[in-house]
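Survey of secondary and tertiary structure
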Amino acid sequence: MEIFDPGAVFNAVDLAGVLANGVLGGAVARQLRMDPVGFLVLALTSALGGGVLRDTLLQAGAPVALTNPAYLFTAIAGAFIAYAIELKGKWANRFLIVIDAVALGCWAATGTAKALVLGLEWLPAILLGVVTAVGGGMIRDIVVGRVPAIFGGNTLYATGALVAAVEMVILYGLGLQNVGMGVAIASCATLCILARRRGWKL
Amino acid sequence: MEIFDPGAVFNAVDLAGVLANGVLGGAVARQLRMDPVGFLVLALTSALGGGVLRDTLLQAGAPVALTNPAYLFTAIAGAFIAYAIELKGKWANRFLIVIDAVALGCWAATGTAKALVLGLEWLPAILLGVVTAVGGGMIRDIVVGRVPAIFGGNTLYATGALVAAVEMVILYGLGLQNVGMGVAIASCATLCILARRRGWKL
Amino acid sequence: MEIFDPGAVFNAVDLAGVLANGVLGGAVARQLRMDPVGFLVLALTSALGGGVLRDTLLQAGAPVALTNPAYLFTAIAGAFIAYAIELKGKWANRFLIVIDAVALGCWAATGTAKALVLGLEWLPAILLGVVTAVGGGMIRDIVVGRVPAIFGGNTLYATGALVAAVEMVILYGLGLQNVGMGVAIASCATLCILARRRGWKL
């Protein structure tokens, strides 16, 4: 029995990210005054879209978001929270931003690692990592008819995912996958939160 | 030889739904004054998008809409009908609405059943059933730059699909797949048509 | 050793099309004053979206655009060119249009052939050929919130792809796949360029 299991930590980060993105998707539904169906669709696309896109592109079996029901339950819980509570406090908002930034790094790293495990080369693996991380928000924006936020005007969001994916490629190559997860999460979260506070843009 | 073959009935409902949704997609192309390419693209996405999305997510082989050419022929026939005839009579409209409501239940039930057969659990199976039923219209709306109608402002459309998918999960679990198809179709169609007549919304 | 290898010629046409479409996607990002992330996303979707859509639908392994890194490198090079140089000269524009028209025929023919090789019938194979050819530009337009240009108002773009796909089905059936590639490319390019010069529309 291990005292510290990195896998369990990363799973927790992963599901926390699903929950936070479900809530963030639901918040968009609230802004647009949608009905409960809208809350569900936007929560599910925000929370699970990136991973579904990754698994659909990799074609190595049905998406994890469908085979492991924990993902769907968590994303639906996010929709319920966003529907039940109007999250407008400064602290609620900060909390969601931090979880989202942490999850962004986690998703970029897991997406990259999954692609490398399946034998893809480093450049496609980086692309898949970034797609995993930013795909959900991008699909959500397209679904509601917005130009995806990552295309400009926002702070270093896709860049944070890119940094995390590149770090994962290097550390995976050195056989340090768990270290890669940790470094990717830490640096992506730091970059995204600093960029947001200071208004850094590309 | 059977006197009554439920499979044949459901196939007929399925293809009737493809035809009706092809016509409805073409009608959107007419509204937006598109050229014949637009009629074809919107008819195909409306009629086949949900099933293609289901099969792409399930990753159990190329979509049925591609392996069985009857689907493509039927959807293209829908595009031709919408292009040739301006369907503006009250009765034509009612007829399309009824077939669409019947097909919605049929697609929700078949999508759910296919996911269960492939070993997915009940919650992902329900999601796939709903995606099969409403995915085509949703993709069509996104393609033409509309916020998908199912997100609010319309009557109980996604809800009808959800009811059908839930019924299918229960009756499939009891070993009654054919009964599940019938019940799902009947209740979804009844709910959608009543909701539309009475203006029920979420 | 062969003096003339048709495969190498078609590969060169294919990659030239990826480069040209990467540049054309980047040019849309420039029009919309996007940041470098926008250039990359639009270059990648324009250049690789059609092939990725084809391979995702065919479900015969991960998309070629991911397994062969040459595609990603070429598309990213297109993004860099569009970012570095403002292509507004008449000749630069003409050059891109010609390469795009040649690549359109090439992609329609390869998409159709790949579907036929995997056992699809002629109608789904034609659909996949057209999707391969026009899918990237269509996804790009959807992502930036435009109604896809192929739906009307433009000259015979999808029609050129359709002609190329139909020719490929016929010549593939006669065992003349290489001839089919050549004929499809030549006729699609001729049709598209003539249509654009003369303003032919559907």
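Description of the structure in this document. What you see is a predicted model; the values in this text were computed from it and never measured.

Below, the discussion takes up the packing of helix H2 (residues 36-58) of chain A against helix H4 (residues 69-84) of chain A. Helix-helix packing is described using two parameters, namely the angle between the two axes and the distance between the axes. Residue and element names in this part refer to chain A. At a minimum axis separation of 9 Å, H2 and H4 run at an interaxial angle of 130°. In this view, H2 runs oblique relative to H4, as classed from their interaxial angle. Here H2 runs over H4; the crossing is right-handed. Residues Pro36, Phe39, Leu40, Ala43, Leu44, Ala47 and Leu48 of H2 lie in contact with H4, whose contacting residues are Tyr71, Leu72, Ala75, Ile76, Ala79, Ala82 and Tyr83. In terms of residue class, the contact of H2 with H4 is made up of 14 nonpolar, no polar and no charged.

The operation relating chain A to chain C is a screw motion whose rotation component is 120°, with 0.0 Å of axial translation and a residual RMSD of 0.0 Å. Within this description, the copies of the chain are treated as partners about a three-fold rotation axis. Scanning chain A for the C-alpha nearest the rotation axis identifies Gly145(A), at a separation of 3.6 Å. Of all interface residues in chain A, a mere 15% are interface residues in chain C too; the two copies therefore contact each other through different surfaces.

Taken together, the contact pairs 20 residues of chain A with 24 residues of chain C. For the pair chain A and chain C, the summed buried area comes to about 1,800 Å², and 79% of that belongs to carbon and sulfur atoms. The interface formed by chain A and chain C holds zero salt bridges in total. Taken together, the connections running from chain A to chain C amount to two residue pairs in polar contact (both at pLDDT 80 or more). Residue assignment for the side of chain A that touches chain C shows that the elements contributing at least two residues are H2 and helix H6 (122-143) of chain A. Here the side of chain A that touches chain C takes seven residues from H6(A), the largest share from any one element. When grouped by side-chain class, the residues that make up the side of chain A that touches chain C number 16 nonpolar, three polar and one charged.

Relative to the elements of secondary structure, Leu176(A) occurs in the loop between helix H7 (157-173) and helix H8 (177-198). Through-space distance from the C-alpha of Leu176(A) to that of Gly137(A) is 29 Å; in sequence the pair is 39 residues apart.

Residues and elements named next belong to chain C. At a closest axis distance of 8 Å, the pairing of helix H7 (residues 157-173) and helix H8 (residues 177-198) adopts a crossing angle of 160°. Classed by the angle they form, the pair H7 and H8 counts as roughly antiparallel. Here H7 runs over H8; the crossing is right-handed. Touching Tyr157, Thr159, Gly160, Ala161, Val163, Ala164, Glu167, Met168, Leu171 and Tyr172 of H7 are Gln177, Val179, Gly180, Met181, Val183, Ala184, Ser187, Cys188, Leu191 and Cys192, all from H8. Of the residues in the contact of H7 with H8, the class split is 14 nonpolar, five polar and one charged.

A word on the packing of aromatic side chains. All chains considered together, the criterion is met by six aromatic pairs over all chains. Seen from their ring centres, Phe73(A) and Trp122(B) are 5.9 Å apart, and the 75° between their planes marks the pair as edge-to-face. Note that Phe73(A) is positioned in helix H4 and Trp122(B) in helix H6 (residues 122-143), a pairing that runs across two chains. For Trp122(B), a relative accessible area of 44% translates into the label partly exposed.

Now for the interface of chain B and chain A. If you look at the interface, chain B gives 21 residues, while chain A gives 24 residues. Counting the surface chain B buries against chain A, the share from its top three residues, Gln59(B), Leu123(B) and Phe151(B), is 33%. Along the contact surface separating chain B from chain A lie two residue pairs in polar contact (both at pLDDT 80 or more). Residue assignment for the side of chain B that touches chain A shows that the elements contributing at least two residues are helix H2 (36-58), H6 and helix H7 (157-173) of chain B. The element best represented in the side of chain B that touches chain A is H6(B), accounting for seven residues.

All chains considered together, the criterion is met by zero disulfides over all chains. Looking at the unpaired Cys188(B), the closest cysteine sulfur is the one in Cys192(B), lying at 4.1 Å.

Quick look at the relation of the copies chain B and chain A now. Aligned on chain A, chain B shows an RMSD of 0.0 Å; the corresponding rotation is 120° and the shift along the axis is 0.0 Å. When the interface residues of chain B are mapped onto chain A, a mere 14% of them again fall at the interface, so the copies present different faces.

A word on the side chain of Glu167(B). Residues and elements named next belong to chain B. Structurally, Glu167 can be placed in helix H7. Polar side-chain contacts of Glu167 include one of 2.6 Å to the side chain of Ser187. Apart from the residues within four sequence positions on either side, Glu167 is in contact with Val183, Ala184 and Ser187.

Calculation rules
- Residues numbered from 1 in each chain as written.
- Chains lettered and ligands numbered in written order.
- Predicted model: local features only at pLDDT ≥ 70, side-chain atom pairs only at ≥ 80, totals over all residues.
- Heavy atoms only, no water.
- Axes fitted to C-alpha atoms, helices over the stretch in contact; angles between N-to-C directions.
- Helix = DSSP H or I, 4+ residues; strand = E, 2+ residues; numbered from the N terminus.
- Parallel < 35°, antiparallel > 145°, perpendicular 65-115°, else oblique.
- Left-handed = near helix turned anticlockwise from the far one by under 90°.
- Contact = heavy atoms within 4.5 Å.
- Nonpolar A, V, L, I, M, F, W, Y, C, P; charged D, E, K, R; others polar.
- Least-squares fit on C-alpha atoms with pLDDT ≥ 70 in both.
- Buried area = accessible area lost by both parts, 1.4 Å probe.
- Salt bridge = Lys/Arg side-chain N within 4 Å of Asp/Glu carboxyl O.
- Polar contact = N/O pair within 3.5 Å; in protein donor to acceptor, adjacent residues only side chain to side chain.
- Phe/Tyr/Trp six-rings, centres within 6.5 Å; stacked < 30°, edge-to-face > 60°.
- Buried < 20%, exposed > 50% of the residue type's maximum accessible area, 1.4 Å probe, protein only.
- Disulfide = S-S within 2.5 Å.

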